[in-house]
Amino acid sequence: RTNRLTHDNYYLSLLRHNKIHEITMKRISTVFLQAVIVLIGIVVLAVLIRFPLTEGRAANLDLLAIYSDPFILYGYAASITFFVALYKAFKLLGYIGQNKVFSSKSVGALKSIKYCAIALSILIVTAGLYIKVSHNKEDDPAGFLAICIVTTFASMVIATAAAIFEKILQNAIDMKSENDLTI
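The sections below set out a description of the structure shown in this document. Small disclaimer: the values here were computed from a predicted structure and weren't measured.

## Some words on the overall build of the protein
A tally of regular secondary structure across the protein gives five helices and zero strands. Moving toward the C terminus, one meets the helices and strands of the protein in the order α-α-α-α-α. Split into buried and exposed, the 183 residues of the protein put 25% on the buried side. A sequence separation of at least 24 residues applies to 72% of the contacts in the protein between residues at least 6 apart. A total of about 13100 Å² of accessible surface is found on the protein, and carbon and sulfur atoms cover 70% of it.

## Here's the deal with the packing of aromatic side chains
Taken as a whole and assessed by the stated rule, the structure comprises five aromatic pairs. Taken together, a centroid distance of 5.8 Å and an interplanar angle of 15 degrees make the contact between F71 and Y130 stacked. Of this pair, F71 sits in helix α3 (residues 70–97) while Y130 sits in helix α4 (residues 104–134); the two residues are 59 residues apart in sequence, bridging distant segments of the chain. Ring centres 5.5 Å apart and planes at 75 degrees place the aromatic pair F82 and F83 in the edge-to-face group. On the basis of relative accessible area, F82 is assigned to the partly exposed category, the value being 24%.

## Some points on the side chain of T81
Relative to the helices and strands, T81 is located in helix α3. For T81, a relative accessible area of 16% corresponds to the buried category. A polar side-chain atom of T81 sits 2.8 Å from the main-chain carbonyl oxygen of A78. Setting aside anything within four residues of it in sequence, one finds T81 in contact with C116, A119, L120 and L123.

Criteria and cut-off values
- Residues numbered from 1 in each chain as written.
- Predicted model: local features only at pLDDT ≥ 70, side-chain atom pairs only at ≥ 80, totals over all residues.
- Heavy atoms only, no water.
- Helix = DSSP H or I, 4+ residues; strand = E, 2+ residues; numbered from the N terminus.
- Buried < 20%, exposed > 50% of the residue type's maximum accessible area, 1.4 Å probe, protein only.
- Contact = heavy atoms within 4.5 Å.
- Areas by Shrake-Rupley, 256 points an atom, 1.4 Å probe, with all protein chains shown as cover.
- Phe/Tyr/Trp six-rings, centres within 6.5 Å; stacked < 30°, edge-to-face > 60°.
- Polar contact = N/O pair within 3.5 Å; in protein donor to acceptor, adjacent residues only side chain to side chain.

Purely spatial values, then, with no claim about function.
And the structure:
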């Protein structure tokens, strides 16, 4: 009888340890992904601040003229959608870390990410069209247009993935609420 209790206690202790280990690993992975999102935001912000200084037209301009250029200002305005999507992804990972993934807040975060990705795609296409139509005839916009195509494609892939995850998560929440009402 004592052996049996010792064995059962050992088994329960092992189960508790595995559960704690599982929760710890989940928390570490969500914190790591949140750190990656913050790092992406910092790198993009640094590029947004540094790039206008190295652009070809900025060679003979002062600092105020560089940062008051309409196209540079458009780039900053368009980047707002990117940073909002990053913030919502950060919040979504927070909900996952708190075991609140099956909540309306998670669905709302995915919906915001989807709309931000769609808006960013539209803004990138608009910038590409502007450069295509109004570029200096001596300049070759092919590189910029290629970047526009790639980033638009990436943004649309993110929008599609967010829409799919949003729908799956909403269906799971609906099923869970139906099951809660049944019991």
